[in-house]
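Each chain, letter by letter, is given below.
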Amino acid sequence: MAVKNVELGDLTNKNINQLKLLNSTILPISYDEKFYLNLLTNGFMTKLAFFNDVVVGAVSCRIDPPSDGCETSSLYIMTLGVLAPYRNLGIGKKLIEHLDTYCKSNKFSKIFLHVQVGSEAIEWYKKQNFQTESLITNYYRHIEPADCYSMSKTITPTTTTETNTTTSK
Amino acid sequence: MAPTLSSKDQNALKNIAKLFDDKKYKKGLKTCETFLKTHPENVDALCFKALLVYHLEKRDEAFDLAKNIIKSNMSSSVAWHTYGFLYRSDKNYAEASKCFKNAHKFNKESTQILRDLSNIQLYQRDLQGLKETYTALLQLGATQKAYWVGLIITNHLMGNKKTALHVLDEFLNVMEEKEKTGLKGSELTLYRCMLLTELGEYDKAIEMLVKEEKNILDKLWAKQKHGEILILKNNKQDAEKIFRELLKLNSDNLTIHKKIWECRGIPDFTKDNFDHSTLTEEQIKFLTSFYKDLNNTYPKSLLIQKVPLMFTQDREQFTQFLSKYINHFLAKGIPSLFNNLKGLYNNATKVEIIENTFKATLESLEKKSTFPNQEEQQSPSSVLWTLYYLAQHFDKLNNYEQSLSYIDQGIKHTPTCLDLYIIKAKLFKHQGNISGAFQEYNRARQLDLADRYLNTKTVKYALRNDDPVTAEEIYSLIKDESQPLWYNIGEFQVMWYEKELGSAYLRAGNYGKALKAFYLVDKHFTEFMEDQFDFHNHITKKMTLRSYIEFLRWEDGVFQNKPFTDSAKLLVQSYLHLKNNSHVLNKLKREEPIVATPVVSTTASSADDDDEDDKPAANTNKKAAANKNKSETAATPAPSAAIPPDTDPNGEKYLKEENYLVPATKFIEQLLKFTPTDVQVHALACQVFLQEKKYLLVLKSVLKLKELGGVEGPLYHQYLITLLHTAQADKECSELILKALEKEKNALTGGASLAEYNQQFANKHKDSVPHKYVAGLMMNLISPADKSKATELILDLQGSGAHWEQSFNNYQSLHSAFDSTVAEQYRQQCEKRFPRANCFAPKQE
Ligand SMILES: CC(C)(COP(=O)(O)OP(=O)(O)OC[C@H]1O[C@@H](n2cnc3c(N)ncnc32)[C@H](O)[C@@H]1OP(=O)(O)O)[C@@H](O)C(=O)NCCC(=O)NCCS
């Protein structure tokens, strides 16, 4: 089924509890109050996916400024999830596409993340052009298995087949 | 006559007038008193003094002054006019009207006096007087449109429609041609058509509509009117043609649909509780083919798909229509589906089909993501909306477990869908689980803090949950934070808040605050009445006489509006509880901060404009003063600096009443006048009048209860027997009344004794909880020796008709009507019968 009726929206201090509820429904790790408060500050980026005005998915990222290893900023996905009944409709893909566009228009070079070994999401991320970088052992403290992969995707501003690239800044 | 003044003195007087108009009362008074030193007898100055003093909040002194002026100037028009102003400001319109009439008597030339008089006469609906006033005004200035309109409207309201038409035509004659074009001309034509129709002059009305068609701007109204007149003329064929044309313009206008039914002699089957089996075969045949055609022409119209669900009796056809209709809503995720089908629930067969259809739909969606017997893939949210519907369906059937199970499945499916929590809250509320309802609304609210509807609902349920402190905290998030709560709700006429707040205090036995809240609602209705004062001049500018008449007719029934009747009933109840020292059932959930009554002198606020008149900073104070004097500005909130202190935070002044039955009677009389078919009003009237020993009035309400609820109705039974019992025991009760009562009793009991009759009543209704309750109460009243039998009847909650809310009221009454032991036993029974209702949970001290 094609993605109809899906719109992306911003996180605000009025709807932040929906994100909390969404994440606690989907993700195995629970995040504390401070984590969510941070999301509203500069240096973070969240997009909510609305299906017929109801929040059914979301992605939250941290913006990592340029560092020794990297000359430009990059996006680190902290959480990504779509409610189970709404999966496989292209909503997750739409969220990733948004991140791509965002990176392009802000000249970010990379999106990266950590994903638990054995997760179905690994295959999914591969399908979204992410590559496995390395295995990190004992990454998680409270969940089993504790190991994870680090995955990433390089953003190349010019060589793109995307049609909906926003050029304006 | 006073000696003529020098031009200097005249200017001084003008200056005082200006100061008064600018609301610089302090300064005005000083200037005025200086002037009076040299002209102690000057009536104009004396009058200004009285007005100034009144506006400086020395009401009594102002009235004394005015009385004295009149004493020495009995024939001074100015003096009477001033006296009238004071009464008008005091809202004593009867006296104000008398004074203005006297003022007119001594100055027949003044249009101002007559205009002031007309305003009050309109407000009081003194139509005869109003007619005279407008006639006098027209004689003084025949060119003033406002007077013509006034005379026309007055005659119309009086029912003198012929005269109204006559005056209207005369007015049209004297009007300049260019005035009769555009909107004004169109409005006058349509008003004339309205009058002609009300007069039964149908042909003339139609003739005019046809002739003036080009000049009429409100074409839809005119066309609809044309059709309606044809129906009145019994020319239904032509009427139907017109309504069919109107349908082309808006196929979703239910009113037009109804008119077409009317043309075919088909009753309005969309009314609540309409028995659809009363429609004839022929009628159903017409409707079926009519809606089939419409459906072909307007395949997208939801109304056209909905109407057949109501009249269709054939199982198969109904099922087919239903599936098509609901699939549309479910696919699109439109939450209002249940509201659209609610009207079908008085038909058991349809309810059964609805249930089966939705269950089959759910199964199909869960298995294959399609609607039954269809191929097209549906979005995952159709499952959600099907669950959402089923939850409401089972709530409607009072099947709590099923409803809860579906709603919880929905929440599991899409926990971020706020509508689910609202339904869960409603389900809880229906079961009496008010704290649960509050929590669900609050959960939804926290998920979307920007949603005002959810904020409002949560506040309402916090109040119902006996928690004004939490309610205020949540409400504060949406109200102007500089305004204290009571000020804010009063200023913005937030009547639902006032009613719920008052009710919470009433349950908690805090009668002062309860009354204070209910009186705010009462005040708003007075404000609505006073809105009329501004209307007349506005109307004559646009000549929108049709809506003016409708507005005035609405004003006539303004006290029929639910917010008023609800609060008035609660006011009466509060007074009865006060009078009877009723048992208090609830405590507020959270302690309120104690507010001591401030010892502010009433003049403190008027000191504000002291000598600051000329400084720009005084602007806000002026506004405050304006607010106090002009009700029409009530909707514009004053700046925070001008918020007057609350001199009676606990509503203590309402408790100082000497006899609580006096205000209770006042409200009961108003209720009886405006909502004479409300059984609760009559039950309350019986209680109040019994206490006042006004047995004839009790009998009147008892008979009304019989008319409304039948001879077997529990309320009629209860109050007739209570009346008989009370009157017979009252040695001062007149023979006449006793005879009338005896007659009513014999007609009912056929000569049997009250005790026997009551027993028969109990036997006859042994499956009805409300009947058994009343029978028990009456048994205890008539023959106290049978107390244990009576108790048994009361405690027997098996059978139909029991509702937690009514039972809760009963529980409170039992403390005085029986004793607290029985009351406690009753509570325990209620707790078993309504296990989820909070109000029957044992009180933890
Ligand atoms: C991973 C997740 C976000 C994907 O969201 P989604 O909206 O269902 O994904 P989409 O519908 O956009 O999938 C896009 C494509 O991936 C494919 N896909 C879906 N799930 C897949 C999987 N587990 N493995 C491989 N491919 C998959 C889809 O078929 C679709 O293919 P197409 O583009 O050829 O049609 C969602 O499954 C989820 O929330 N999972 C649980 C939480 C989680 O693991 N989060 C990631 C850790 S931070």
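Remember, predicted model here, so these are calculated numbers, not experimental data.

K.L.:
Explain the overall build of chain A to me, please; I cannot follow it from the model alone.
P.N.:
Broken down by element type, chain A carries 4 helices and 7 strands. Reading chain A from its N terminus to its C terminus gives the helix and strand order β-α-α-β-β-β-α-β-α-β-β. Its C-alpha radius of gyration of 16 Å places chain A within 12% of the 15 Å reference for a compact globule of 169 residues. Each principal axis of the C-alpha distribution contributes one length, and for chain A these read about 40 × 40 × 35 Å. Taking the contacts inside chain A whose residues are at least 6 apart along the sequence as the reference set, 63% of them involve residues at least 24 apart. Taken as a whole, chain A presents about 9600 Å² of accessible surface, with 48% of it coming from carbon and sulfur.

K.L.:
Explain the overall build of chain B here, please?
P.N.:
Helix and strand counts for chain B come out as 44 helices and 0 strands. With respect to the principal axes defined by its C-alpha atoms, chain B has extents near 100 × 75 × 65 Å. Out of the 845 residues in chain B, the part that is buried amounts to 50%. On chain B, roughly 41400 Å² of surface is accessible, and the fraction owed to carbon and sulfur atoms is 51%. Seen as two clouds, the 112 positive and the 109 negative side-chain charges of chain B have centres 2 Å apart.

K.L.:
Could you clarify how one ought to interpret the interface of chain B and chain A in this entry?
P.N.:
Interface extent is often summarised as the accessible area lost during association of the parts. With 18 residues of chain B at the contact, the number on the chain A side is 17 residues. Taking both sides of the interface into account, the surface hidden between chain B and chain A amounts to around 1500 Å²; carbon and sulfur atoms contribute 66%. Among the residues of chain B in contact with chain A, Pro380, Thr416 and Leu447 of chain B are the three that bury the most area, contributing 38% of the side total. Linking chain B to chain A there are 0 salt bridges. Scanning the region where chain B abuts chain A turns up 5 residue pairs in polar contact (both at pLDDT 80 or more). Secondary structure elements with two or more residues in the side of chain B that touches chain A: α21 (381-396) and α24 (434-447) of chain B. Taken together, the residues of the side of chain B that touches chain A break down into 8 nonpolar, 8 polar and 2 charged.

K.L.:
Could you clarify how one ought to interpret the environment of Ile284 of chain B in this entry?
P.N.:
Residues and elements named next belong to chain B. With respect to the helices, strands and loops of the structure, Ile284 is situated in helix α16 (residues 281-297). By relative accessible area, Ile284 is classed as buried at 17%. Note: C-alpha distance between Ile284 and Asn659 (375 residues apart in sequence) is 60 Å. The contact partners of Ile284, leaving out residues within four places of it in the chain, are Leu279, Phe311 and Gln313.

K.L.:
Which parts of the structure should I look at to understand the site of the ligand?
P.N.:
Residues and elements named next belong to chain A. In the vicinity of the ligand there are 19 residues, among which Val82, Asn88, Gly90, Gly92 and Lys93 approach most closely. The backbone of Val82 places a nitrogen or oxygen atom 2.8 Å from an oxygen atom of the ligand. Measuring from an oxygen atom of the ligand, one finds a backbone N or O atom of Lys93 at 2.7 Å. For the ligand, the protein covers 72% of the area, taking 940 Å² as the surface of the free molecule.

K.L.:
Even after reading the chapter, I still don't get the UniProt feature "domain: N-acetyltransferase" (unreviewed entry) in chain A, so can you show me in this structure?
P.N.:
This chain's UniProt record puts "domain: N-acetyltransferase" (unreviewed entry) on residues 6-156 of chain A. Taken as a whole, residues 6-156 of chain A contains 26% helix and 35% strand, while its terminal C-alpha atoms sit 27 Å from one another.

K.L.:
I tried to follow the confidence of the model for chain A on my own but got confused; where do I start?
P.N.:
Low-pLDDT stretches of the model should not have their predicted coordinates read in fine detail. For chain A, per-residue confidence averages 90 on the pLDDT scale, and residues scoring 70 or more make up 91% of the total. Segment residues 160-169 of chain A: pLDDT under 50, and 11 contacts once partners within four positions in sequence are set aside and those in other chains are kept.

K.L.:
Would you mind going over the pairing of strand β5 (residues 110-116) of chain A with me for this structure?
P.N.:
If a strand is regular, its side chains alternate between the two faces of the sheet. Residues and elements named next belong to chain A. Where burial is concerned, most of β5 is hidden: 5 out of the 7 residues are buried. Examined bridge by bridge, strand β4 (residues 74-82) and β5 share 4 bridges and lie parallel to one another. Following the sheet pairing, Ser74 is matched in β5 by Lys110. As for the winding sense of the linkage, the β-α-β connection from β4 through helix α3 (residues 91-105) to β5 is right-handed.

K.L.:
How do you make sense of the packing of aromatic side chains when you look at a structure like this?
P.N.:
All names here are of chain B. Here the structure, examined in full by the defined rule, presents 45 aromatic pairs over all chains. For the ring pair Phe63 and Tyr87, a centre distance of 5.0 Å and an interplane angle of 65° mean the geometry is edge-to-face. Residue Phe63 is located in helix α4 (residues 59-72), and its partner Tyr87 is located in helix α5 (residues 77-89); the two are separated by 24 residues in the primary sequence. Considered together, Phe63 and Tyr87 belong to a single accessibility category, that of buried residues.

K.L.:
Could you clarify how one ought to interpret unusual backbone geometry in this entry?
P.N.:
The linkage connecting Glu144 of chain A with the following residue, Pro145 of chain A, adopts the cis geometry, with an omega of -10°. At Asn581 of chain B, a residue that is not glycine, the phi angle is positive and equals roughly 55°. Inspection of the secondary structure assignment puts Asn581 of chain B in the loop between α32 (562-580) and α33 (619-629).

K.L.:
Would you explain the sheet that holds strand β1 (residues 6-10) of chain A in this entry?
P.N.:
Through backbone hydrogen bonds, the strands of a sheet pair up, either in parallel or in antiparallel fashion. Residue and element names in this part refer to chain A. Strands sit in the order β1-β2-β3-β4-β5-β7-β6 across an open sheet of 7 strands; the sheet is mixed. Looking at the sheet topology across the chains shown, the edges are occupied by β1 and β6 (131-136). Neighbouring strand axes in the sheet, compared pairwise and without regard to direction, differ in orientation by 25° on average. Of the strands in this sheet, β2 (44-51), β3 (54-64) and β4 are in contact with helix α1 (residues 16-26), which crosses β3 at around 95°.

K.L.:
Explanation requested: the packing of helix α1 (residues 7-21) of chain B against helix α3 (residues 43-55) of chain B in the structure shown.
P.N.:
To characterise two packed helices, one gives the angle between the axes of the helices and the distance between these axes. Residues and elements named next belong to chain B. With their axes 11 Å apart at the nearest point, α1 and α3 run at an angle of 20° to one another. One way to sum up the angle between α1 and α3 is to call them roughly parallel. Two packed elements cross with a definite hand, and for α1 against α3 that hand is left-handed. The residues of α3 that touch α1, namely those facing Leu13, Ile16, Ala17 and Phe20, are Asp44, Ala45, Phe48, Leu51, Leu52 and His55. Split into classes, the residues belonging to the contact of α1 with α3 amount to 8 nonpolar, 1 polar and 1 charged.

K.L.:
Could you clarify how one ought to interpret the side chain of Glu187 of chain B in this entry?
P.N.:
With respect to the helices and strands, the residue Glu187 of chain B is situated in helix α11 (residues 182-198). What Glu187 of chain B contacts, discounting residues up to four positions off in sequence, is Lys542, Met543, Thr544, Leu545 and Arg546 of chain B.

K.L.:
Please explain the nonpolar core as it appears in this structure.
P.N.:
Nonpolar side chains tend to gather and get buried jointly when the protein is soluble and globular. Grouped together as the largest cluster of nonpolar side chains are 304 residues, with contacts concentrated most on Ile77 of chain A together with Phe269, Leu341 and Tyr497 of chain B. Tallying contributions element by element places helix α29 (residues 511-530) of chain B first for this core, with 11 residues. Once you skip the residues sitting within four places of it in the chain, Ile77 of chain A turns out to touch Val59, Ser60, Cys61, Ile96, Leu99, Ile111, Phe112, Leu113, Tyr125 and Phe130 of chain A.

K.L.:
Help me out: how do you make sense of helix α37 (residues 695-709) of chain B in this one?
P.N.:
Residue and element names in this part refer to chain B. Counted at 1.5 Å a residue, the expected span for α37 with its 15 residues is 21 Å, and the 20 Å between its end C-alpha atoms agrees. Buried residues along α37 sit against α35 (661-674), α36 (679-691), α38 (714-729) and α39 (735-749). One or two residues past the end of α37 sits Gly710, with phi positive at roughly 80°.

K.L.:
I would appreciate a short explanation of the pattern of salt bridges in the present structure.
P.N.:
When charged atoms on two side chains of opposite charge get close, those side chains can pair. All names here are of chain B. Evaluated as defined, the whole model comprises 55 salt bridges over all chains. In this structure, Lys562 and Asp566 form a salt bridge, with 2.8 Å as the shortest nitrogen-oxygen distance. One end of the pair is Lys562 and the other is Asp566, both in helix α32 and 4 residues apart, which spans about a single turn. Assessed through its relative accessible area of 54%, Lys562 is described here as exposed. Across the pair Glu707 and Lys704 runs a salt bridge whose closest N-O atoms are separated by 3.4 Å. You can see Glu707 and its partner Lys704 sitting in helix α37, 3 residues apart, about one turn around the helix. Residue classification places Glu707 among the exposed residues on the basis of a relative accessible area of 58%. The network of salt bridges with common partners includes Arg59, Asp60 and Asp90.

Definitions and cut-offs
Residues numbered from 1 in each chain as written. Chains lettered and ligands numbered in written order. Predicted model: local features only at pLDDT ≥ 70, side-chain atom pairs only at ≥ 80, totals over all residues. Heavy atoms only, no water. Helix = DSSP H or I, 4+ residues; strand = E, 2+ residues; numbered from the N terminus. Rg over C-alpha atoms; globule rule 2.2 N^0.38 Å. Contact = heavy atoms within 4.5 Å. Areas by Shrake-Rupley, 256 points an atom, 1.4 Å probe, with all protein chains shown as cover. Buried < 20%, exposed > 50% of the residue type's maximum accessible area, 1.4 Å probe, protein only. Lys, Arg positive; Asp, Glu negative; His and termini not counted. Charge placed at Lys NZ, Arg CZ, Asp CG, Glu CD. Buried area = accessible area lost by both parts, 1.4 Å probe. Salt bridge = Lys/Arg side-chain N within 4 Å of Asp/Glu carboxyl O. Polar contact = N/O pair within 3.5 Å; in protein donor to acceptor, adjacent residues only side chain to side chain. Nonpolar A, V, L, I, M, F, W, Y, C, P; charged D, E, K, R; others polar. Near = heavy atom within 4 Å. UniProt positions renumbered as here; feature names shortened; annotations may be inferred. pLDDT = per-residue confidence, 0-100. Pairing = 2+ DSSP bridges. Right-handed = clockwise from strand over helix to strand, strands pointing away. Phe/Tyr/Trp six-rings, centres within 6.5 Å; stacked < 30°, edge-to-face > 60°. Axes fitted to C-alpha atoms, helices over the stretch in contact; angles between N-to-C directions. Parallel < 35°, antiparallel > 145°, perpendicular 65-115°, else oblique. Left-handed = near helix turned anticlockwise from the far one by under 90°. Core = buried A, V, L, I, M, F, W, Y, C linked by side-chain atoms within 4.5 Å. Expected span 1.5 Å × (residues − 1).

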